[in-house]
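Descriptive structure summary
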Amino acid sequence: MAYISPTYSTTNQYVKYRLVVDLLQQDTVLNKSKIRRRLQAWRTNTGYETYGTATASVRNDLGAAANQGIISTQKITYNSYTTLFDDGTAGIWINHNTDGSKSLQVGGYFTINAPVSGGWNDFTIVLPSIPRGSVPTATAANIEEASTININKYNSAYTSTLRFEFPSGEVNALIGTIVTKTTQTSYGWILPNSFYAKIPTSSIGVCKLYCDTYLGDTLIETKSCLFNANVNPVTNKPNVSAVIQDTNSLTLALTGNSSKLVKYASNANIVITASAKNSASISSVGVTCGDGKSSNQISSTLNGVESGSFNVIAIDSRSLSNTVAYTKELINYVKLTINPILVRNTVTDSKVKINYSGNYFNVSFGVQSNTLTVKYRYREYGTTTWSAYYTFAAPTISGNTFSAENIILAPGGVEASFDYLKSFEFQVVAYDKIYTSGVAVIVLVASGVPIFDFGKEYFNHNTPVYFRGQSLQEIFLGFYPIGSILMNTVGTNPSTYLGGSWVAWGVGRVPVGVNTSDSNFNTVEKTGGASKHTLTSTEMPVHTHTQNSHGHLATSRTTTYASGSQSSWRCMSFVGTNSDYAQNVWVTATTATNQNAGGGGAHNNLQPYITCYMWKRTA
């Protein structure tokens, strides 16, 4: 590494010089650096040389100068550095400050043939700091367990004081001293349990380790490092336990033991006890049964459990968890079922027989054994009143199943007559110690009419036909949703063959599509129009009446009037004396009348049409 000073001037404006300092070596033990100092000169103009005997000097921190003689062969030429002073590779040693730092001021000057000389010029360099403080490293460790602290020393004479801060950087961090002025380079330290209280919601905390390096009683430097202080998840997981008991009074009476569970029937009550360790707190608890039922409450009840396996869990504020498994004695109760089949002996027989079978728990619950009872009752289809219940004789039991075959129904011990022209509903019910209210199935026994019959010209299906849960009638009605219009040429109401409710629609009218932009047709089922219509005068087309050509005849006469009284003359005017005058003939004005035509009746207003019946579905 080299440090180069600025360019310095001399008394000759064309002669310049500079100082160059090279860092040759650093001794970390003795805390010093070896440097090489060089003073170099050159000319800034061509064609000239400067040479002669004289002296070049350098100094450190304004101290005593070191001089070297200049000989005549050391010529200062254009654009070429001539070294006038050089410590050489032997260099000189510079002592650093106690902390390893060093800022050094280096100066220099030279003179050759007295008017060429330069005064002292100094510049400052900063040498790389020499590491002085011992460097600590530490392994991650669990609290209450040992961490190994390694101390990398630069001088065997140094001692180390180790201190800690936990958690690092926090205002309320724990601060303490591990060891004072130890000479060891490896030190074992057990992390104190007081660390737990500082990380109640975390499993990891960052600890800062300080290493104070001393030479005797002088503090050289302090170095530090970080490492993780962990909470051991095995030794610090929370404590958890549970009490699991059956609280169903029915099953308790059967087993006589609250610690036993009856599959499908017992109600398992779970009470959990949990506690956290070392300043943590419990954040949640839970229980899961092997059948999937679960709860996250301290006390809960899982109804109708199907497994005797339970996992109880507690989680603390550090997210550490502990799961404890419990296995309770489970009585594998078999659910009671009944599958009855009731038929007539023949389609016209009034006797009804039954076959039935099912599953039954044919084992003791502990205090009590299971029992089985099968009953039935009936009613005519379409009525609401059931008969009394009648109990069957005990069925055949094999293992956990039961069955009975070809039993003719005889309510009250008397063989019954179930009119084959009528349909009947039968409710068959099985009872045991768990299903005290019974498991019931209702079966319809239809009338004796055959399901279908056929001949050469027909095939009749006498029972409803279903497709994907819909009857054919429901399917057909699906093509005509409520509001649909059906047209045909038969006047039979569609309800008689399609079902639903239908009313006659549009009687005497022609349907027109809705047109919201025309006020005549802008809403559905709007009516208007007429089959006949008499035109008013304003509705008649504009027209012209033409009168036949004709004339009026008037005869002109010349009359000689004698003298006399003018009052007897039939003339229009008279002037003068007796003379001949022309007579004016007047034609009286009159109204010309055209002859009427037409009868004034209504005209037919119908478009070409064809009639049919139209029905609208309303329900």
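Residues numbered from 1 in each chain as written. Predicted model: local features only at pLDDT ≥ 70, side-chain atom pairs only at ≥ 80, totals over all residues. Heavy atoms only, no water.

1. Digging into the overall build of the protein
Secondary structure summary: the protein contains two helices and 47 strands in total. By the burial criterion, 34% of the 619 residues in the protein qualify as buried. Pairs at least 24 residues apart make up 62% of the contacts formed inside the protein by residues separated by at least 6 positions. When the accessible surface of the protein is summed, it comes to about 36100 Å², and 50% of that surface belongs to carbon and sulfur atoms. (Helix = DSSP H or I, 4+ residues; strand = E, 2+ residues; numbered from the N terminus. Buried < 20%, exposed > 50% of the residue type's maximum accessible area, 1.4 Å probe, protein only. Contact = heavy atoms within 4.5 Å. Areas by Shrake-Rupley, 256 points an atom, 1.4 Å probe, with all protein chains shown as cover.)

2. Focus on the layout of surface pockets
Computed from the structure, the largest pocket encloses a volume of approximately 1200 Å³. Gly508, Arg509, Val510, Pro511 and Gly528 are the residues nearest the centre of the largest pocket, which is lined by 34 residues in total. Ranked by residue count, the leading element in the lining of the largest pocket is strand E47 (residues 613-617), at three residues. (1 Å grid on protein atoms, 1.4 Å probe; cavity = no way out; pocket = protein on both sides within 12 Å on 5 of 7 lines; lining within 4 Å. Points joined across faces, edges and corners; volume = space filled by probe spheres on them.)

3. Describing the sheet that holds strand E35 (residues 424-431)
If you walk across this open sheet you meet the four strands as E32-E31-E35-E36, and the pairing is antiparallel. Of all strands in the sheet, those with a lone pairing partner are strand E32 (390-391) and strand E36 (439-445), marking the two edges. Note that strand E31 (residues 373-380) and E35 share eight bridges and pair antiparallel. What sits directly across from Lys375, in E35, is Val429. (Pairing = 2+ DSSP bridges.)

4. Remarks on unusual backbone geometry
A cis amide bond links Phe166 with the next residue in sequence, Pro167, at an omega value of -10°. Here Pro167 shows up in the loop between strand E15 (159-166) and strand E16 (174-182).

5. Side note on the confidence of the model for the protein
Overall, the predicted model of the protein reaches an average pLDDT of 88, with 88% of residues at or above 70. Counting contacts from residues 565-574, a segment whose pLDDT is below 50, to residues more than four positions away or on other chains yields 12 contacts. (pLDDT = per-residue confidence, 0-100.)

6. Focus: the sheet that holds strand E22 (residues 268-275)
The strand order across the open sheet formed by three strands is E20-E22-E25, and the pairing between neighbours is antiparallel. In this open sheet, the two strands that pair with only one neighbour each are strand E20 (239-246) and strand E25 (299-302). Between one strand axis and the next, the sheet turns by 25° as a mean value, whatever way the strands run. Pairing between E22 and E25: four bridges, direction antiparallel. Note on E25: the bridge partner recorded for Asn269 is Thr301. (Axes fitted to C-alpha atoms, helices over the stretch in contact; angles between N-to-C directions.)

7. Some remarks on the pattern of salt bridges
Under the definition given, this model contains 16 salt bridges. The partner of Asp122 in a salt bridge is Arg59, and the shortest N-O contact between them spans 2.8 Å. Of this pair, Asp122 sits in strand E11 (residues 121-127) while Arg59 is found in strand E5 (residues 54-60), placing the two residues 63 residues apart along the sequence. For Asp122, a relative accessible area of 26% translates into the label partly exposed. Residue classification places Arg59 among the buried positions, given a relative accessible area of 15%. Taking the shortest distance from any N to any O, the salt bridge between Asp212 and Arg163 comes out at 2.7 Å. A residue pair is termed long-range when its members are at least 10 positions apart, and Asp212 in strand E18 (residues 204-215) and Arg163 in strand E15 qualify at 49 residues. Look at Asp212 and you get buried, because its relative accessible area is 7%. (Salt bridge = Lys/Arg side-chain N within 4 Å of Asp/Glu carboxyl O.)

8. Regarding the environment of Glu525
Of note, Glu525 is situated in the loop between strand E42 (502-504) and strand E43 (532-533). Put simply, Glu525 and Val514 are 11 residues apart on the chain and 8.6 Å apart in space, counted from C-alpha to C-alpha. Leave out the neighbours within four places in its chain, and Glu525 touches Trp505 and Lys616. Among the polar contacts made by the side chain of Glu525, one reaches the side chain of Trp505 at a distance of 2.7 Å. Of the polar contacts made by the side chain of Glu525, one reaches the side chain of Lys616; its length is 3.0 Å. (Polar contact = N/O pair within 3.5 Å; in protein donor to acceptor, adjacent residues only side chain to side chain.)

9. Digging into the packing of aromatic side chains
Inspection of every chain in the model, using the stated rule, returns 21 aromatic pairs. Ring geometry for Tyr480 and Trp502: centres 6.0 Å apart, planes at 70°, overall edge-to-face. Of this pair, Tyr480 sits in the loop between helix H2 (472-478) and strand E41 (485-488) while Trp502 sits in strand E42, placing them 22 residues apart in sequence. Looking at Tyr480, the relative accessible area reads 30%, which means it is partly exposed. Through successive ring pairs, a cluster of aromatic residues spans Phe164, Phe166, Trp189, Phe195 and Phe227. When the ring centre of Trp120 is taken as origin, the NZ or CZ atom of Arg59, which lies over that ring, is 4.1 Å away. The aromatic ring of Tyr214 is capped on one face by Lys181, whose charged end is 4.8 Å from the ring centroid. (Phe/Tyr/Trp six-rings, centres within 6.5 Å; stacked < 30°, edge-to-face > 60°. Lys NZ or Arg CZ within 6 Å of the ring centre and 35° of its normal.)

10. Regarding a nonpolar patch on the surface
A cluster of nonpolar side chains, namely Leu472, Phe476 and Phe479, defines an oily patch on the protein surface of about 320 Å² accessible area. In this structure, Phe479 sits in the loop between H2 and E41. A residue is classified by how much of its surface remains accessible, and Phe479, at 61% relative accessible area, is exposed. (Patch = residues over 30% accessible without salt bridge, like charges linked within 9 Å, V, L, I, M, F, W, Y side chains within 5 Å.)

11. Considerations on the pairing of strand E17 (residues 186-190)
Judged by which residues are buried, E17 turns out to be one-sided: Tyr187 and Trp189 face inward and are buried, whereas Ser186, Gly188 and Ile190, on the alternate face, are not. Judged from the five bridges that link them, strand E14 (residues 146-152) and E17 form a sheet pairing that is antiparallel. The partner of Ala146 across the bridge, within E17, is Ile190.

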